[in-house]
Amino acid sequence: MSDTQIPVTSPTPEPERVFRRTPELEIVEDDQALYVAADLPGVAPGDVEVSLNDGVLALRGRARQGSNGSTIVTEFVRQLTLRDPARYAGEQIDAVLRHGVLELRIPKHERAKRRQIPVTVN
């Protein structure tokens, strides 16, 4: 009997399969801010990008899942055009990813907030 070494090779991994999806959004506005919630299951905080340019709010990202040597990537891009972008303080956007939901708070400029005007009697 001869001791022949047989090289062991790992199976060639399957290529990435990329899917596109459009996340569900919930948008609410009150006197203080515009709130946007995006459903992003499986997306890590480092894999999502939020930007506001020229009145367009853009959400971009990807989620990766791997099993049995294959990788499935889900990518998304969602854009919203703000009706009156000058009303919002875009440099003060808060973004939090919690339990697969991205929550954005875009505060309004002071001059855009609703004010209560006192009425006096003469």
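Anything mentioned here points back to the structure above.
Worth saying up front: this structure is predicted, and the values here are computed from it rather than measured.

A.B. asks: Could you give an account of the side chain of Lys108, with specific residues and numbers?
C.D. replies: Structurally, the position occupied by Lys108 is in the segment after strand E8 (101-107). Reaching out from Lys108, the side chain makes a polar contact with the backbone oxygen of Asp30 at a distance of 2.8 Å.

A.B. asks: Can you lay out unusual backbone geometry for me, pointing to particular residues and giving the numbers?
C.D. replies: In this structure, Asp54 is a non-glycine residue whose phi angle is positive, near 50 degrees. Positionally, Asp54 belongs in the loop between strand E4 (48-53) and strand E5 (56-67).

A.B. asks: Can you tell me about the sheet that holds E5, naming the residues and giving the values?
C.D. replies: An order of E1-E6-E5-E4 is seen for the 4 strands of this open sheet, with the pairing classed as mixed. Only two strands of the sheet have a single partner each, and these edge strands are strand E1 (17-21) and E4. Sheet twist, expressed as the mean angle between neighbouring strand axes with direction ignored, is 15 degrees. Pairing of E5 with strand E6 (residues 70-81), which is carried by 12 bridges, proceeds in the antiparallel orientation. In the strand pairing of E6, Leu59 is matched with Arg78.

A.B. asks: Please provide a residue-by-residue account of the pairing of E4, values included.
C.D. replies: Here 6 bridges tie E4 to E5, and the two strands are oriented antiparallel to one another. Its bridge partner lying in E5, Val50 is registered against Leu59. The hairpin turn running from E4 into E5, its antiparallel successor, is 2 residues long, and Asp54 in that turn takes a positive phi close to 50 degrees.

A.B. asks: Quick one: what's the story with the sheet that holds E8, residue by residue and with numbers?
C.D. replies: Reading across from one edge, E2-E3-E8-E7 is the order of the 4 strands in this open sheet, with antiparallel pairing throughout. Both outer strands of the open sheet, strand E2 (25-29) and strand E7 (94-98), are each paired with one neighbouring strand and no more. For this sheet the average axis-to-axis angle between neighbouring strands, irrespective of direction, equals 15 degrees. Relative to E8, strand E3 (residues 33-39) runs antiparallel, the two sharing 7 bridges. Within E8, the residue paired with Asp39 across the bridge is Val101.

A.B. asks: For the pattern of salt bridges, give the residues involved together with the corresponding values.
C.D. replies: In this structure the tally under the stated criterion is 7 salt bridges. Of the charged contacts, one joins Arg87 and Glu29 as a salt bridge, the two residues approaching to 3.7 Å between their closest N and O atoms. With Arg87 in the loop between E6 and E7 and Glu29 in strand E2, this residue pair connects regions lying 58 residues apart in the sequence. The class of Glu29 is partly exposed, set by a relative accessible area of 33%.

Analysis parameters
Residues numbered from 1 in each chain as written. Predicted model: local features only at pLDDT ≥ 70, side-chain atom pairs only at ≥ 80, totals over all residues. Heavy atoms only, no water. Helix = DSSP H or I, 4+ residues; strand = E, 2+ residues; numbered from the N terminus. Polar contact = N/O pair within 3.5 Å; in protein donor to acceptor, adjacent residues only side chain to side chain. Pairing = 2+ DSSP bridges. Axes fitted to C-alpha atoms, helices over the stretch in contact; angles between N-to-C directions. Salt bridge = Lys/Arg side-chain N within 4 Å of Asp/Glu carboxyl O. Buried < 20%, exposed > 50% of the residue type's maximum accessible area, 1.4 Å probe, protein only.

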